[in-house]
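# Secondary and tertiary structure notes
The primary structure of each chain is shown beneath.
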Amino acid sequence: MPLRLVFMGTPDFAVPTLVELVGRGHDVAAVYTRAPKPGGRRGMELQPTPIEREARRFGIPVLTPKTLRTAEAEEHFSAHAADAAVVVAYGLILPKPILDAPRLGCFNLHASALPRWRGAAPINRAVMAGDAATAVMVMRMEEGLDTGPVAMAERVKIEPDMTAGELHDRLAPLGADLMARALAALEKDALVLTPQPIEGVTYAAKIDKGETRIDWSKPWKQVHDHARGLSPFPGAWCEIGGARVKVLRTTKGDGAGMPGTVLDGNLTVACGDGAIRILALQPAGKRPMPANEYLRGARVAPGSALT
């Protein structure tokens, strides 16, 4: 028998899960998401979140409260009479009255191998740290930050040159299927919950703009992981000839030299130890492009310095 659900999510990562649950015949009573933000070509038009756009397509009522910590918000949430709530990268903290409202609980889809990378940016942080693998997990929510018991998990290898964007696109559909399977078990009262280990807890803090600039003095592997962990957004960056450029894809390069020095005509750049080769980048105000295309219009001579 299908469940009556409240869905709570915001970005693209959450869309496959909403689509999957609707496709499985669950009754999604309401969708909670963040309020529209200014955007568009002029930066003036209010842009709905990806989840709001998808919910509207399905004809599901959409709510965009600024907070859930009011008596009114709690009353509205309880009025949905949901069996369960599904939360995927929503962006607001759920207080205890909200967590306690659904008959069977609130279930979160989290993109890490918990308890590693609890918090806001687990995909970016896993890649930036050079992790060899990660996971997507369904967790029953508690008041703590991503501390709840885990119901199901799918583990994924992180390839050496994989970007955060590529990992995101790999995990999103896996997570959608995982949540659907978890809810199917929940319907049958067969969902097994396992407490998270006490050891190995790390936190995935939100990416700060101040940490996006490339530090060429670091070893090549750290520079490489930094760049791919921030690709495509917000993007690790440096200056080439005084112009800001996002570095979107790199690989291990050959050679050595003063950190930041261009070593050849293929945009191989020296790091504190070893070198990386830039394969794709995005000049400010322009589209992403392969490095060889960029080099046709920009003179970056061997021996020049990237800062």
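Residues numbered from 1 in each chain as written. Predicted model: local features only at pLDDT ≥ 70, side-chain atom pairs only at ≥ 80, totals over all residues. Heavy atoms only, no water.

## Notes on the overall build of the chain
- Across its full length, the chain carries 8 helices and 16 strands.
- Over its C-alpha atoms, taken along the principal directions, the chain stretches across nearly 65 × 45 × 30 Å.
- Buried positions account for 48% of the 307 residues belonging to the chain.
- Long-range contacts, defined as pairs at least 24 residues apart, comprise 65% of the intrachain contacts of the chain with a sequence gap of at least 6.
- For the chain, the accessible area works out to roughly 15,100 Å², and carbon and sulfur atoms hold 53% of it.
- Mean positive and mean negative side-chain charge positions of the chain (37 and 33 charges, respectively) differ by 6 Å. (Helix = DSSP H or I, 4+ residues; strand = E, 2+ residues; numbered from the N terminus. Buried < 20%, exposed > 50% of the residue type's maximum accessible area, 1.4 Å probe, protein only. Contact = heavy atoms within 4.5 Å. Areas by Shrake-Rupley, 256 points an atom, 1.4 Å probe, with all protein chains shown as cover. Lys, Arg positive; Asp, Glu negative; His and termini not counted. Charge placed at Lys NZ, Arg CZ, Asp CG, Glu CD.)

## A short note on the side chain of Thr261
- Relative to the assigned elements, Thr261 resides in the loop between strand S13 (243-253) and strand S14 (268-270).
- Note on Thr261: relative accessible area 17%, which makes it buried.
- A polar contact of 2.8 Å, which involves the side chain of Thr261, links it to the backbone oxygen of Met258.
- Not counting residues within four places of it along the chain, the set of residues in contact with Thr261 comprises Thr268, Val269, Ala270, Gly303 and Ser304. (Polar contact = N/O pair within 3.5 Å; in protein donor to acceptor, adjacent residues only side chain to side chain.)

## Description of the pattern of salt bridges
- Applying the stated criterion across every chain, the model contains 16 salt bridges.
- One salt bridge connects Asp225 with Lys221, and the closest N-O pair in it is separated by 2.7 Å. In this pair, Asp225 and Lys221 are both assigned in helix H7 (residues 220-229), 4 residues apart and thus about one turn of the helix distant.
- Residue Arg228 is joined to Asp225 by a salt bridge in which the shortest nitrogen-to-oxygen separation is 2.9 Å. (Salt bridge = Lys/Arg side-chain N within 4 Å of Asp/Glu carboxyl O.)

## Looking at the packing of aromatic side chains
- Overall, the coordinates contain 1 aromatic pair when judged by the stated rule.
- The interplanar angle of 65° and the centroid separation of 5.6 Å between the aromatic rings of Tyr32 and Phe77 together place this pair among those described as edge-to-face. Of this pair, Tyr32 sits in strand S2 (residues 27-32) while Phe77 is found in helix H3 (residues 71-79), placing the two residues 45 residues apart along the sequence. Each member of the pair Tyr32 and Phe77 is classed as buried.
- Here Arg244 stacks its cationic end above the ring of Trp237, 3.7 Å away from the centre of that ring.
- Across from the ring centre of Trp220, 5.4 Å away, lies the NZ or CZ of Lys252, which sits over that ring. (Phe/Tyr/Trp six-rings, centres within 6.5 Å; stacked < 30°, edge-to-face > 60°. Lys NZ or Arg CZ within 6 Å of the ring centre and 35° of its normal.)

## Details of the side chain of His80
- Examined against the element boundaries, His80 turns out to sit in the loop between H3 and strand S6 (84-88).
- Given a relative accessible area of 13%, His80 falls into the buried group.
- One polar contact links the side chain of His80 to the main-chain carbonyl oxygen of His76, over a distance of 3.5 Å.
- Not counting residues within four places of it along the chain, the set of residues in contact with His80 comprises Arg4, Val6, Ala29, Ala30, Tyr32 and Leu63.

## A word on the sheet that holds S2
- A sheet is described by the order of its strands in space; here 7 strands give the open sequence S5-S2-S1-S6-S7-S9-S10, paired in mixed fashion. Both outer strands of the open sheet, strand S5 (62-63) and strand S10 (150-157), are each paired with one neighbouring strand and no more.
- Where S6 meets strand S7 (residues 106-110), 3 bridges bridge the pair, whose relative direction is parallel. Bridge assignment links Val86 to a residue of S7, and that residue is Phe107. (Pairing = 2+ DSSP bridges.)

## Digging into a nonpolar patch on the surface
- A grouping of Leu145, Val201 and Tyr203 is seen on the molecular surface, where their side chains present a nonpolar patch of about 270 Å² in accessible area.
- Summarising the element assignment, Tyr203 is placed in strand S11 (residues 203-204). (Patch = residues over 30% accessible without salt bridge, like charges linked within 9 Å, V, L, I, M, F, W, Y side chains within 5 Å.)

## Regarding unusual backbone geometry
- Backbone torsion omega between Leu114 and Pro115 reads 15°, so that peptide bond is classified as cis.
- Omega for the bond connecting Ser231 with Pro232 falls within 30 degrees of zero, at 10°, which places this linkage in the cis form.
- Relative to the elements of secondary structure, Pro232 occurs in the loop between H7 and strand S12 (236-240).
- Notably, Asp146 is not glycine yet its phi reads approximately 55°, a positive angle.
- Looking at the secondary structure, you find Asp146 in the loop between strand S9 (133-140) and S10.
- Here Asp146 falls in the buried class, since its relative accessible area comes to 12%.
- The backbone of Leu267 sits at a positive phi, close to 60°, despite the residue not being glycine.
- Secondary-structure assignment places Leu267 in the loop between S13 and S14.

## Some remarks on the environment of Asn266
- Position of Asn266 relative to the elements: it lies in the loop between S13 and S14.
- Spatially, the C-alpha atoms of Asn266 and Leu295 are 8.2 Å apart, while their sequence positions differ by 29 residues.
- If near-sequence neighbours (up to four positions away) are discounted, Asn266 is found in contact with Arg277, Ile278 and Leu295.

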